[in-house]
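Breakdown of the fold
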Amino acid sequence: MMLLLVCVSIAAFFLVSISPVDPLQANVGQAALGSMSQEQIERLNAYWGVGQPPVERFLAWASDFFRGDMGLSLLYRRPVSEVIAVKLANSIWLLAIAWVISGVLGFCLGALAGMKRGTWVDKAIRGYSLVIASTPAFWLALVLLMIFAVWLKLLPVGLSVPIGMEAAGVTLVDRIRHAILPAMTLSITGISNITLHTREKMIDIMESDYVLFAKARGESGWSIFKNHGFRNVILPALTLQFASISEIFGGSVLVEEIFSYPGLGQAAVTAGIGSDVPLLLGITVISAAIVFGGNLIANLLYGIVDPRIRRGGAGL
Amino acid sequence: MRRMNGRQRTVLAFGAALLFLALITIAGQVFAKEAMATDFSRKNLAPCAAYPFGTDWMGRDMFVRTLTGLSMSIRIGLLAAGVSALLALFLGIVSATMGRAVDSIVTWSIDLVMGIPHILLLILISYACGKGFKGVVIGVSLTHWTSLARLIRGEVLQLKEAPYIKVAGRLGLSPWQIARKHMVPHLFPQFLVGLILLFPHAILHEASITFLGFGLSPEQPAIGVILSESMQYLAMGKWWLALFPGLLLVLTVVLFDVAGESLRKLLDPGSAHV
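Nothing here was measured: the structure is a model prediction, and the numbers come from that model. (Residues numbered from 1 in each chain as written. Chains lettered and ligands numbered in written order. Predicted model: local features only at pLDDT ≥ 70, side-chain atom pairs only at ≥ 80, totals over all residues. Heavy atoms only, no water.)

The next subject is the overall build of chain A. Each helix and strand in chain A was counted, giving 15 helices and zero strands. Just so you have it, chain A exposes about 15800 Å², and 66% of that area is on carbon and sulfur atoms. (Helix = DSSP H or I, 4+ residues; strand = E, 2+ residues; numbered from the N terminus. Areas by Shrake-Rupley, 256 points an atom, 1.4 Å probe, with all protein chains shown as cover.)

Quick look at the overall build of chain B now. Each helix and strand counted, chain B has eleven helices and zero strands in total. Along chain B, helices (α) and strands (β) appear in the sequence α-α-α-α-α-α-α-α-α-α-α when read from the amino end. The proportion of buried residues among the 274 residues of chain B is 51%. If you take every contact in chain B between residues at least 6 apart in sequence, the share linking residues at least 24 apart comes to 69%. If you sum the accessible surface of chain B, you get close to 12500 Å²; carbon and sulfur atoms cover 67% of it. (Buried < 20%, exposed > 50% of the residue type's maximum accessible area, 1.4 Å probe, protein only. Contact = heavy atoms within 4.5 Å.)

Here we take up the interface of chain B and chain A. At the junction of the two partners, chain B supplies 41 residues and chain A supplies 47 residues. Roughly 3900 Å² is buried in total at the junction of chain B and chain A, and carbon and sulfur atoms are behind 80% of that figure. Counting every contact that joins chain B to chain A gives zero salt bridges. Those elements giving two or more residues to the side of chain B that touches chain A turn out to be α4 (100–115), α5 (118–128), α9 (175–211), α10 (223–234) and α11 (240–267) of chain B. A per-class count over the side of chain B that touches chain A returns 32 nonpolar, six polar and three charged. (Buried area = accessible area lost by both parts, 1.4 Å probe. Salt bridge = Lys/Arg side-chain N within 4 Å of Asp/Glu carboxyl O. Nonpolar A, V, L, I, M, F, W, Y, C, P; charged D, E, K, R; others polar.)

Residues and elements named next belong to chain A. Per the stated rule, a full pass over the model turns up seven aromatic pairs over all chains. Geometrically, the ring pair formed by Phe107 and Phe230 is edge-to-face, given 6.0 Å between the ring centres and 80 degrees between the ring planes. Linking Phe107 in helix α6 (residues 80–115) with Phe230 in helix α11 (residues 221–243), this pair joins segments that are 123 residues apart in sequence. (Phe/Tyr/Trp six-rings, centres within 6.5 Å; stacked < 30°, edge-to-face > 60°.)

Residues and elements named next belong to chain B. The N-to-C vectors of α5 and helix α6 (residues 133–143) enclose an angle of 140 degrees; their axes lie 9 Å apart at closest approach. Classified by the angle their axes make, α5 and α6 are oblique. As α5 runs across α6, the sense of the crossing is right-handed. Between α5, through His118, Leu121, Leu122, Ile125 and Ser126, and α6, the contact on the second element is made entirely by Gly135, Ile138, Gly139, Val140, Leu142 and Thr143. (Axes fitted to C-alpha atoms, helices over the stretch in contact; angles between N-to-C directions. Parallel < 35°, antiparallel > 145°, perpendicular 65-115°, else oblique. Left-handed = near helix turned anticlockwise from the far one by under 90°.)

An α-helical turn contains 3.6 residues, so a residue and the one three or four places further along point in the same direction. Here helix α3 (residues 62–97) of chain B is 36 residues long and its end C-alpha atoms lie 51 Å apart, about the 52 Å a rise of 1.5 Å per residue gives. Along α3 of chain B, 27 of the 36 residues are buried, which leaves the element largely enclosed by surrounding structure. (Expected span 1.5 Å × (residues − 1).)

As a further point, take the pattern of salt bridges. Residue and element names in this part refer to chain B. As enumerated under the stated definition, the model contains six salt bridges over all chains in all. The salt bridge involving Asp103 is made with Arg153; its shortest N-O contact spans 2.7 Å. In this pair, Asp103 is assigned in helix α4 and Arg153 in helix α7 (residues 146–159), connecting sequence segments 50 residues apart. For the pair Asp103 and Arg153, one class covers both residues: buried.

Below, the discussion takes up α9 of chain B. Residues and elements named next belong to chain B. In this model, α9 (37 residues) spans only 45 Å end to end at C-alpha, well below the 54 Å of a helix rising 1.5 Å per residue. The sharpest bend along α9 measures roughly 50 degrees and falls at Val184, with the proline Pro185 sitting one to four residues further on. Once α9 finishes, Gly213 follows within two positions and takes phi at roughly 95 degrees, a positive value. (Bend = angle between axes of the 7 residues up to and from the residue.)

And the structure:
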């Protein structure tokens, strides 16, 4: 796990160091560069770290990182750890809400479809999941924005707080109102995987002998689900949901960009476009840590659900 | 009309999906010139009979623009998914046959690639390639091989225990010969289905990364560029700029999915009854 994180940081560092993008060109602009003196350009070069050998830079960066110093964000001009902390605090709510809603809703829909296999309910749920799986999150975000913010004017267009208001004046209601659309988009797109998975598990269970026996005893519908289905289906669904953190995070990058929600995803895009290498690296490592954490929990849960996997040494 | 059986219906679905996708790709190529043409006498038209998708603020016909953009996306998707699938086939076979050390390296790199959120990795690779067409293709190719590689690795591990492979080994064939002569033909159907099912992901990620501004240059009519431009005009009520190109993109992705699933049913009838 730690080793994987180290590898992620090496890979990420390798990728940014072979980049031909000149940070000066990207941020200062051709015209401004032309009018600067050689001395100024050299100072800027030193600031953006141009011209140093990559291995040396990596070692310097990694040893600082290890001590908790992630360097200075070049665009925000604040320590990377501070920037990430602020952005993560914004994002984590969004991610958590979307993660829980998509998990619960997906589980319920999947279980329902599995119980009612072959009926129109099943067909509708399955069709919905297949279409949603093919729908890009950013387009769905645009459509929702169009409907709720532009036509119905029910919800604000973007940002996590109202524009032009002091930080102290922002109420919880404001924050919630601004998070509804992004969270809704992420929840809707996150559903399909878990729905289809739960449905298949549920179908397996409905065909098992113990459900047949339960039916013969006169149990039906809800009581079969409560007594026999739920416990068998919830754990695989949970593990799948823990393993899908990477997906939700990826979706949040797009969704935050569209709603100009000041979270980690938007910071990643800004850092990528603006060549803010320290921030980009910091975000990569942090998000990889979150994803690995989710995968680790998923692996442990697999072991709990299925002892056969435990014996084989779960994944890691 | 006579009722068709399941297999015939599947063949029909597969053929129709492929035909439609080919039509979009070719039409996009044919209209490539018109997609760039501006005409300020027909600015900001809502959808009508002459312009089914409306026109934008520079009087460009959104219908041909969308077709060209999608055709570009499909071609990038084909290229990237092809590279990705070949990579997966190679790594999957190598990891399962070349011994423990190679295996752990490959599974290790699968974990590594899966650990970084997809979009973030795409941003990093695109940044490494200096943003632009090359970055998108390389990025999408390098990020999509993981799950297929895992699948093929599992399959090969099973195959290795099969009697005919063991016999081939006893007869003195080298691991490489066994892989090429006995394993690849067996894996081919799965590989083909995996390849087609990679397209939807490849296209979606291509569109996303272009949408974020890391991909193709703004004047190119790519589907991501079209949608990100439309975002600025959304608040002014120009809903058709975003709605129709997006719908057609969803349709394309669904069709690739249909094609892949139908092919799976045709090649492996056992899986049809799920």
